[in-house]
Amino acid sequence: MRFAAPISALAFGVVALAQDQTIHVGNNGTGSGLFFSPQFVNATANSTITFVFDTPSTNHTVAQSSFAKPCEPLANGFDSGYTPGAAGVAAPTWNLTVTDASKPIWFYCAQPTKTHCIAGMVGGINVPAPPATNDGSAFIALATGASSIVQPVPALSGIGAFASAAPSATAPASSGSGSSSGTSSGSSPSSTGNAAAAVGVSGGFVAALAAVFGVALL
Ligand SMILES: *[C@@H]1O[C@H](CO)[C@@H](O)[C@H](O)[C@H]1NC(C)=O
Ligand SMILES: *[C@@H]1O[C@H](CO)[C@@H](O)[C@H](O)[C@H]1NC(C)=O
Ligand SMILES: *[C@@H]1O[C@H](CO)[C@@H](O)[C@H](O)[C@H]1NC(C)=O
Ligand SMILES: *[C@@H]1O[C@H](CO)[C@@H](O)[C@H](O)[C@H]1NC(C)=O
Ligand SMILES: *[C@@H]1O[C@H](CO)[C@@H](O)[C@H](O)[C@H]1NC(C)=O
Ligand SMILES: [Cu+2]
C-alpha cells in the first residue's frame, strides 16, 4: 500500500499533470487565525492536498463533515486528529488524496476551545460554484450558525478522499525502494552517518552501496 501509492502518484504526475495543492491550517506562515488557507480548492481525482499545520499552531484538526452539518463528523469520513505544533519546530503535514472529484468534500476544525468550526474554520474541495444553495458561503453560514461542535474520531480513510499516514513533521518511515531521498533527508540521522563513514574507507563505493541497501531495508 505504502509502496504502491508513491509509484502511482508519480505515474499520474507524469502522464496527466495532477495538480497537487497546499492548504495551510491555522497559520499561513505570516499570521495565525482560525482559518484554512485557501479555504476552498478544486482538485482532480488522484491529486493530493497537503495540509500544513504551520507552527506555531493552536492544535487544529481536519475532519470531514456533510454540507448540512459542518461541525459534525460525516459517517465514515476522514479526520486528521488533533495536530499541535510548537513554535520553532517543523510544521506537521497531512497528505489527503482525492479519489472522487465528482462530489464536494467538506471539512472542519473540531477544536472546541474557541469553537474553531463555529468561528468559521471550515473548508472544502470541489464545492459548487456560487450562486448555489450548497456553495462555499452557504457552508460557512451553516458553520457559524452551528450551536455545537461534535468531536470526530481520527480516521485516515474518508468519503472521496484518504490519507496514507497520520500528520507528521517528517516523512513516514519507508518500507520499500523508490523513496531513498525521503529516507536520507528525513528521520534517519544514524544511517546518514553510516553512509558517510562508509565512503571514507577504501572500496567505498561497494560499502556505500551496502549502506544504501541497508537503508532501503529499514
Ligand atoms: C495570513 O494570515 C494573516 C492573519 O490572518 C493575514 O493578515 C495575512 O494576509 C495572511 N497572508 C496570506 C498570504 O494569506
Ligand atoms: C472551481 O471550479 C469552478 C468551475 O470551474 C469555479 O467556478 C470555481 O471558482 C473553482 N473554485 C476554486 C476554489 O477555484
Ligand atoms: C486514479 O488512479 C486510479 C488508480 O491508479 C486509476 O484507476 C484512475 O483512472 C485514476 N483517475 C484519474 C482521474 O486519473
Ligand atoms: C489538542 O486539543 C484537544 C481537544 O481540545 C485536546 O484534547 C488536546 O489535549 C490538545 N493537545 C495539546 C497538545 O494541546
Ligand atoms: C506529505 O507530502 C510531502 C510531499 O511529498 C512530504 O514531504 C511529506 O513528508 C508528506 N507528509 C506525510 C505526513 O506523509
Ligand atoms: Cu482549528
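Scroll up for the structure.
Residues numbered from 1 in each chain as written. Chains lettered and ligands numbered in written order. Predicted model: local features only at pLDDT ≥ 70, side-chain atom pairs only at ≥ 80, totals over all residues. Heavy atoms only, no water.

*Asks:* Go over the sheet that holds strand β5 (residues 63–65) with me, naming the residues and quoting the values.
*Replies:* Spatially, β3-β8-β7-β5 is the arrangement adopted by the four strands of the open sheet, whose pairing is mixed. Strand pairing shows two members of the sheet lacking a second neighbour, β3 (40–41) and β5, which therefore form its edges. Note that β3 and strand β8 (residues 122–125) share two bridges and pair parallel. Bridged to Val 41 within β8 is Ile 125. The sheet strands contacting helix α2 (residues 136–144) are β3, β5, β7 (105–108) and β8, and the helix crosses β8 at an angle near 150 degrees. (Pairing = 2+ DSSP bridges. Helix = DSSP H or I, 4+ residues; strand = E, 2+ residues; numbered from the N terminus. Contact = heavy atoms within 4.5 Å. Axes fitted to C-alpha atoms, helices over the stretch in contact; angles between N-to-C directions.)

*Asks:* For the environment of Ile 23, give the residues involved together with the corresponding values.
*Replies:* Relative to the helices and strands, Ile 23 is located in strand β1 (residues 21–27). Spatially, the C-alpha atom of Ile 23 lies 6.9 Å from that of Ile 49, the residues being 26 residues apart in sequence. Residues in contact with Ile 23, not counting those within four places in the same chain, are Phe 36, Ser 37, Pro 38, Val 41, Ile 49, Thr 50, Phe 51, Val 52 and Phe 107.

*Asks:* I'd love a proper account of the environment of Ser 80, names of residues and values included.
*Replies:* Here Ser 80 shows up in the loop between β5 and β6 (93–98). Look at Ser 80 and you get buried, because its relative accessible area is 8%. Taking the C-alpha atoms as reference points, Ser 80 and Thr 93, separated by 13 residues in sequence, lie 9.9 Å from one another. Not counting the four nearest positions on each side in its chain, Ser 80 is found in contact with Phe 53, Thr 61, Val 62, Trp 94 and Pro 167. (Buried < 20%, exposed > 50% of the residue type's maximum accessible area, 1.4 Å probe, protein only.)

*Asks:* Explain the site of ligand 5 to me, using residue names and the numbers behind them.
*Replies:* The environment of ligand 5 is made up of Thr 93, Asn 95, Ala 166, Ser 168, Ala 171 and Pro 172. Separating a nitrogen atom of ligand 5 from a side-chain N or O atom of Thr 93 is a distance of 2.8 Å. Burial of ligand 5 by the protein amounts to 55% of the accessible area it has alone, namely 360 Å². Partitioned by chemical class, the residues of the shell around ligand 5 number three nonpolar, three polar and no charged. (Near = heavy atom within 4 Å. Polar contact = N/O pair within 3.5 Å; in protein donor to acceptor, adjacent residues only side chain to side chain. Areas by Shrake-Rupley, 256 points an atom, 1.4 Å probe, with all protein chains shown as cover. Nonpolar A, V, L, I, M, F, W, Y, C, P; charged D, E, K, R; others polar.)

*Asks:* Which residues make up the site of ligand 2, and what are the values?
*Replies:* Taken together, the residues surrounding ligand 2 are Phe 40, Asn 42 and Ala 129. Protein contacts shield 36% of the accessible area of ligand 2, which totals 360 Å² for the unbound molecule.

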